[in-house]
Amino acid sequence: MLPPLPDRAIHIDAEVADWRGAVRASGHALERSGATTAAYTERMVGVIDTFGAYVVVAPGLALAHARPGRDVKRDGLSVVTLAEPVSFGHPHNDPVSVVVGLAVTTADEHVGLVAELANIFNDASVIPALAGAESPSAIREILGATA
């Protein structure tokens, strides 16, 4: 089951300059929801600086995350749609228009949450539906999430 996705964990039509801004927007949404601290947001950026754009898991979709740590208060999910898509440097799946932020307290939770999201995103209509969503309730409906 997905963690709750309250309104404060959703940012629609975020205006960002680049992938770092997109990841930080997803991290700030996690912070607003009470799932993480600002340190987690910066660790998410660091993961991409270190390992590259592997977080861009499908055309138009990035799953921003970092390892569990003291900066994760509880499992959390955020969704950010971008006013203008940005490039993460992925050879096939750029540009990104939707960033889903993930924060988990244990490695087991990470595996389970990623598997659940993979099942949701197997439906090719989900990413464009999220990108075009106009309200937090529409995003929750698309993902099958609760507030």
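Above this text you will find the structure in question.
Residues numbered from 1 in each chain as written. Predicted model: local features only at pLDDT ≥ 70, side-chain atom pairs only at ≥ 80, totals over all residues. Heavy atoms only, no water.

A. Local environment of the nonpolar core. In terms of nonpolar packing, the biggest core is built from 26 residues, with V23, F88 and V99 touching the most fellow members. Of all the secondary structure elements, the ones that give two or more residues to this core are α1 (19-33), α2 (38-51), β3 (61-64), β4 (76-86) and β5 (96-103). Contact partners of V23, with chain neighbours within four places excluded, come to M44, V45, I48, A64 and F88. Counting residues in hydrophobic clusters, the runner-up holds 24 residues, among them L2, A58, L117 and I127. (Core = buried A, V, L, I, M, F, W, Y, C linked by side-chain atoms within 4.5 Å. Buried < 20%, exposed > 50% of the residue type's maximum accessible area, 1.4 Å probe, protein only. Helix = DSSP H or I, 4+ residues; strand = E, 2+ residues; numbered from the N terminus. Contact = heavy atoms within 4.5 Å.)

B. Molecular detail of the pairing of β4. Counting buried residues in β4 gives eight out of 11 residues, a clear majority hidden from the surface. By the bridge criterion, three bridges tie strand β1 (residues 10-14) to β4 in an arrangement that is parallel. Within β4, the residue paired with I10 across the bridge is V79. Across seven bridges, β4 lies against β5 in antiparallel orientation. Looking at β5, one finds that S78 is bridged to G101. (Pairing = 2+ DSSP bridges.)

C. Local environment of the layout of surface pockets. Approximately 240 Å³ is the volume attributed to the largest pocket. Lining the largest pocket are R43, V47, F51, Y54, H65, A66, R67, P68, V104, A107 and H110. Those elements that place two or more of their residues in the lining of the largest pocket are α2 and α3 (107-121). It is α2 that contributes the most residues to the lining of the largest pocket, three residues altogether. Of the residues belonging to the lining of the largest pocket, the class tally is seven nonpolar, two polar and two charged. Listed by contribution, the elements that provide at least two residues to the lining of the second largest pocket are β2 (56-58), β3 and α3. Looking at the lining of the second largest pocket, the element that brings in the most residues is α3, giving five residues. (1 Å grid on protein atoms, 1.4 Å probe; cavity = no way out; pocket = protein on both sides within 12 Å on 5 of 7 lines; lining within 4 Å. Points joined across faces, edges and corners; volume = space filled by probe spheres on them. Nonpolar A, V, L, I, M, F, W, Y, C, P; charged D, E, K, R; others polar.)

D. Here's a closer look at the pattern of salt bridges. Using the criterion set out here, one finds four salt bridges in the structure. The partner of D49 in a salt bridge is R20, with the nearest N and O atoms 2.5 Å apart. Placement of D49 in helix α2 and of R20 in helix α1 is noted, with a sequence separation of 29 residues between them. Put simply, R24 and E42 hold a salt bridge, and the shortest N to O gap is 2.9 Å. One end of the pair, R24, is in helix α1; the other, E42, is in helix α2, and 18 residues separate them in sequence. A residue is classified by how much of its surface remains accessible, and E42, at 39% relative accessible area, is partly exposed. (Salt bridge = Lys/Arg side-chain N within 4 Å of Asp/Glu carboxyl O.)

E. A look at α1. An ideal rise of 1.5 Å per residue puts 21 Å on 15 residues; α1 measures up with 21 Å between its terminal C-alpha atoms. Among the structural elements, β1, α2, β3, β4 and β5 are those in contact with the buried residues of α1. Sitting at the amino-terminal end of α1 is D18, which places a side-chain oxygen 3.2 Å from the backbone nitrogen of R20. At the C-terminal side of α1, G34 shows a positive phi close to 90°. (Expected span 1.5 Å × (residues − 1). Polar contact = N/O pair within 3.5 Å; in protein donor to acceptor, adjacent residues only side chain to side chain.)

Shape descriptors only; they carry no functional weight alone.
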